[in-house]
Amino acid sequence: MIQQQDIRIEALTEQTQFNACAALQDTVWGYEASDRMSEKVYLLAAHIGGQVLGAYDGEALVGYAMSLPGYRDGKPYFHSHHLAVLPEYRNFGVGRRLKLAQRDDAIARGISLIEWTFDPLEIKNANLNISRLGAIVRRYKTNFYGDSSSPLQGGLPTDRVIAEWWLRSSRVEQILSGEKLCIEPIEEVTVPVEIYEWKASADLREKARAVQARNAEALQSAFAKGLVVLGYRRDERGDGIFQLARMNEPQSL
């Protein structure tokens with residue numbers, strides 16, 4: 001049986017470890033060769049000052065997180081490009097522990113921001129990013145990565161939102177300490193729980209495409225009005241709901 005306390009997180013530095021990351025990538029995303037990220041990219045990320053962190057159960061790599069260094073407005077930040085956890089190790093907090101290890105390392109290096117993209121149709125991922133880590137969202141990118149061969153994408157455009165994780169903000173520190181924030185949303189945008197079934201079925205995929213298009217319009221409209229995703233909740237059906245409001249704690253590099 002998997003025990004959280006048995007999972008250890010460590011920085012990866014060796015080519016054999018980067019090879020294991022690439023193999024885990026194949027298991028999780030199932031990309032065709034044209035989309036697959038080479039082992040050399042993990043090596044490069046570690047070499048140029050990024051982050052490559054692994055989660056181990058004994059000697060087995062069961063998850064990893066990889067960030068590249070970024071630079072904007074005269075200041076550095078990290079862009080977390082990949083986070084992957086083996087299916088059998090999900091729902092055991094491995095992804096969250098990898099993110100927290102990224103945060104610890106970034107703060108130790110004087111970095112105040114980690115960003116990453118995520119699919120706004122992925123309910124569990126959105127809930128982790130916003131509700132459990134404290135990331136905010138105020139940018140939407142349509143078909144950001146172009147066509148994807150991953151079965152997880154379900155043949156849909158690779159629409160993404162950008163998570164901004166302001167590592168030392170009072171919002172993040174409150175959430176990580178277990179405090180529940182009170183969000184009074186001005187607007188809400190819903191992802192139906194059936195989205196996974198719809199994406200996986202060729203016969204139902206147009207329903208998923210319609211949700212994606214509708215939510216893209218709603219989120220982009222809200223962002224244009226200065227609203228920010230500050231909360232995320234799941235209702236009694238299991239639907240995911242983005243909660244948008246105005247920020248009281250402005251964040252910028």
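Here, the structure is the one placed above.
In this report, the structure presented in the accompanying data block is examined. All of these numbers come straight from a predicted model, not from anything done at the bench.

1. Focus: the pairing of strand β3 (residues 60-72)
Right, so step 1: With seven bridges joining them, strand β2 (residues 51-57) and β3 adopt antiparallel strand pairing. Considered in β3, the bridge of Q51 is made with S67.
Right, so step 2: Counted along the chain from β2 to the antiparallel partner β3, the turn is two residues long, and its residue G58 has a positive phi close to 65 degrees.
Right, so step 3: Strand direction decides the pairing type here: β3 and strand β4 (residues 75-85), joined by ten bridges, are antiparallel. Note on β4: the bridge partner recorded for Y71 is P76.

2. Overview of the environment of V94
Right, so step 1: Structurally, V94 is set in helix α3 (residues 94-108).
Right, so step 2: Judged by relative accessible area, V94 falls into the buried class, the value being 3%.
Right, so step 3: For the pair V94 and D147, spaced 53 residues apart in sequence, the C-alpha separation works out to 29 Å.
Right, so step 4: Not counting the four nearest positions on each side in its chain, V94 is found in contact with A55, V85 and Y89.

3. Focus: the side chain of S67
Right, so step 1: Structurally, S67 can be placed in strand β3.
Right, so step 2: The exposure class of S67 is buried, given its relative accessible area of 0%.
Right, so step 3: Among the polar contacts made by the side chain of S67, one reaches the side chain of Q102 at a distance of 2.8 Å.

4. Details of the layout of surface pockets
Right, so step 1: Computed from the structure, the second largest pocket encloses a volume of approximately 310 Å³.
Right, so step 2: Around the second largest pocket sit 20 residues that line it, and R171, L181, I183, L230 and N248 are the ones nearest its centre.
Right, so step 3: Breaking the lining of the second largest pocket down by element, the ones donating at least two residues are β7 (160-166) and α5 (170-176).
Right, so step 4: Top element by residues in the lining of the second largest pocket is α5. It accounts for four residues.

5. Examining unusual backbone geometry
Right, so step 1: Even without being glycine, D73 reaches a positive phi, approximately 55 degrees.
Right, so step 2: Structurally, the position occupied by D73 is in the loop between β3 and β4.
Right, so step 3: Residue D73 is classed as exposed on the basis of its relative accessible area, which comes to 65%.
Right, so step 4: Despite not being glycine, N143 shows a phi value in the positive range, around 45 degrees.
Right, so step 5: Assignment of secondary structure puts N143 in the loop between β6 (136-141) and β7.

6. Points about the pattern of salt bridges
Right, so step 1: What the rule picks out here adds up to 16 salt bridges.
Right, so step 2: Between E188 and R233 there is a salt bridge; the shortest N-O distance is 3.2 Å. You can see E188 sitting in strand β8 (residues 187-191) and its partner R233 sitting in strand β9 (residues 228-234), a full 45 residues away along the chain.
Right, so step 3: The exposure class of E188 is partly exposed, given its relative accessible area of 37%.

7. A few points about the nonpolar core
Right, so step 1: W116, F118, I195, L219, V229, F242 and L244 are the most contacted members of the largest nonpolar core, which totals 36 residues.
Right, so step 2: Counting residues per element, this core draws most heavily on helix α7 (residues 205-224), which supplies six residues.
Right, so step 3: Once residues lying within four places of it in the same chain are set aside, the contact partners of L244 are P185, I186, E187, V189, L219, A222, F223, L227, V228 and V229.

8. A short note on the environment of A106
Right, so step 1: As for its position among the elements, A106 is in helix α3.
Right, so step 2: Judged by relative accessible area, which is 0%, A106 ranks as buried.
Right, so step 3: Residues within four places of A106 in sequence aside, it is in contact with Q51, F78, I111, I114 and L167.

What counts as what
Residues numbered from 1 in each chain as written. Predicted model: local features only at pLDDT ≥ 70, side-chain atom pairs only at ≥ 80, totals over all residues. Heavy atoms only, no water. Pairing = 2+ DSSP bridges. Helix = DSSP H or I, 4+ residues; strand = E, 2+ residues; numbered from the N terminus. Buried < 20%, exposed > 50% of the residue type's maximum accessible area, 1.4 Å probe, protein only. Contact = heavy atoms within 4.5 Å. Polar contact = N/O pair within 3.5 Å; in protein donor to acceptor, adjacent residues only side chain to side chain. 1 Å grid on protein atoms, 1.4 Å probe; cavity = no way out; pocket = protein on both sides within 12 Å on 5 of 7 lines; lining within 4 Å. Points joined across faces, edges and corners; volume = space filled by probe spheres on them. Salt bridge = Lys/Arg side-chain N within 4 Å of Asp/Glu carboxyl O. Core = buried A, V, L, I, M, F, W, Y, C linked by side-chain atoms within 4.5 Å.

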